[in-house]
Amino acid sequence: MQKINVALVGLQFGGAFVKIYRDHPNVGEFGIYDIDGVRKLEVSENAGVGKLYASFDEILCDKNVDAVHLVTPIPLHEEQTIAVLESGKHCACTVPMALTTDGIRRIAETTRKTGRNFMMMETTLYTYQFYYVNELIRQGKIGKIQFMRGSHYQDMANWPDYWMGLPPMHYGTHAIGPMVALSGSRISV
Ligand SMILES: NC(=O)c1ccc[n+]([C@@H]2O[C@H](COP(=O)([O-])OP(=O)(O)OC[C@H]3O[C@@H](n4cnc5c(N)ncnc54)[C@H](O)[C@@H]3O)[C@@H](O)[C@H]2O)c1
């Protein structure tokens, strides 16, 4: 069984992935980093993860790391993804991929240029609702799909201020991703 070495960056929502990587049979070495040193130590102590990076650059320079998972604030995604890919590592990034179509194109081009993999971590494709509808389609119970419409509702009470007023299309993937997957279609830029 081939193992890959993973670094996880950003440990607020990203903290939910720590035990998954720690315990996954295909993950070899696993390290974490957050610019907030207190949070990093808390997560490390809570989950028993011993490998703590001192900076994002240290991860980029670590030849042992095969893949980096970014769960950092939205405005950082584009530049951090490009830096990861250009360092020769595979990159997974939480949604959204970037804030502009130019940013998305840059990442797509860098992925082609470097030959590394990029994965946008759309979590709605791993929900019970998604699996349920997917199964209905697979069993032929829904029939031929002619039209789909998606929406995403979220209770945002007590969320950080920067979410208020965020243009909806800067965070459209939870509504769009399931429809793309269920219809077997692709979005190209
Ligand atoms: N279901 C989902 O797919 C889902 C759910 C929640 C959040 N998200 C995404 O996850 C990302 C993070 O969301 P959040 O709610 O945890 O945000 P947050 O702002 O609460 O936390 C971000 C974390 O990243 C750290 N950080 C900030 N700058 C950093 C840097 N330069 N290097 C390393 N770490 C840095 C912060 O200290 C903090 O721990 C966002 O992009 C959001 O869109 C996705």
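Look up a bit, the structure's there.
Not measured: the values here are computed from a predicted model.

(A) Broad picture of the overall build of the chain. Helix and strand counts for the chain come out as seven helices and six strands. Helices and strands appear in the chain in the N-to-C order β-α-β-α-β-α-β-α-β-α-β-α-α. Over its C-alpha atoms the chain spans a radius of gyration of 18 Å, differing by no more than 12% from the 16 Å that the globule rule assigns to 189 residues. Viewed in the frame of its principal axes, the chain has a C-alpha envelope of about 50 × 40 × 35 Å. Taking all 189 residues of the chain together, the buried fraction comes to 38%. A fraction of 56% describes how many contacts in the chain between residues 6 or more apart in sequence connect residues 24 or more apart. Carbon and sulfur atoms make up 55% of the accessible area of the chain, which amounts to about 11900 Å² in all. Each charge sign in the chain was given a centre, from 18 positive and 19 negative side chains, and these centres are 10 Å apart.

(B) View of the packing of aromatic side chains. This structure, assessed with the given rule, holds five aromatic pairs. Note on Phe130 and Tyr131: the rings are 6.3 Å apart at their centroids and 70 degrees apart in plane angle, and the pair reads as edge-to-face. Judged by its relative accessible area of 9%, Phe130 is buried. In this structure an aromatic cluster arises from ring pairing among Trp159, Trp163 and Tyr171.

(C) Structural view of the side chain of Thr94. Position of Thr94 relative to the elements: it lies in strand E5 (residues 90-94). By relative accessible area, Thr94 is classed as buried at 10%. Dropping the residues within four chain positions of it, Thr94 is found in contact with Phe13, Leu70, Val71, Thr72, His77 and Met121.

(D) Local environment of the pairing of strand E2 (residues 27-33). Among the seven residues in E2, five count as buried, and that is most of the element. Pairing between strand E1 (residues 4-9) and E2: five bridges, direction parallel. In the sheet register, Leu8 faces E2, and the bridge partner there is Ile32. As paired strands, E2 and strand E3 (residues 51-52) are joined by two bridges and run parallel to one another. Looking across to E3, one finds that Ile32 is bridged to Leu52. Handedness of the β-α-β unit built from E2, helix H2 (residues 37-47) and E3 comes out right-handed.

(E) Representation of the pattern of salt bridges within the structure. Inspection of the entire model under this criterion finds six salt bridges. Between Lys113 and Glu86 there is a salt bridge, and its shortest N-O distance comes to 3.1 Å. Here Glu86 lies in helix H4 (residues 77-86) and Lys113 lies in helix H5 (residues 101-114), a separation of 27 residues in the sequence. Arg138 is the partner of Glu135 in a salt bridge, and the nearest nitrogen-oxygen pair spans 2.8 Å. Here Glu135 and its partner Arg138 are both found in helix H6 (residues 128-138), three residues apart, which amounts to about one turn of the helix. Here Glu135 falls in the partly exposed class, since its relative accessible area comes to 31%. Overall, the relative accessible area of 62% leaves Arg138 in the exposed class. One continuous salt-bridge network, built from bridges that share partners, spans Glu78, Glu79 and Arg106.

Here is what the cut-offs are and how they apply
- Residues numbered from 1 in each chain as written.
- Predicted model: local features only at pLDDT ≥ 70, side-chain atom pairs only at ≥ 80, totals over all residues.
- Heavy atoms only, no water.
- Helix = DSSP H or I, 4+ residues; strand = E, 2+ residues; numbered from the N terminus.
- Rg over C-alpha atoms; globule rule 2.2 N^0.38 Å.
- Buried < 20%, exposed > 50% of the residue type's maximum accessible area, 1.4 Å probe, protein only.
- Contact = heavy atoms within 4.5 Å.
- Areas by Shrake-Rupley, 256 points an atom, 1.4 Å probe, with all protein chains shown as cover.
- Lys, Arg positive; Asp, Glu negative; His and termini not counted.
- Charge placed at Lys NZ, Arg CZ, Asp CG, Glu CD.
- Phe/Tyr/Trp six-rings, centres within 6.5 Å; stacked < 30°, edge-to-face > 60°.
- Pairing = 2+ DSSP bridges.
- Right-handed = clockwise from strand over helix to strand, strands pointing away.
- Salt bridge = Lys/Arg side-chain N within 4 Å of Asp/Glu carboxyl O.

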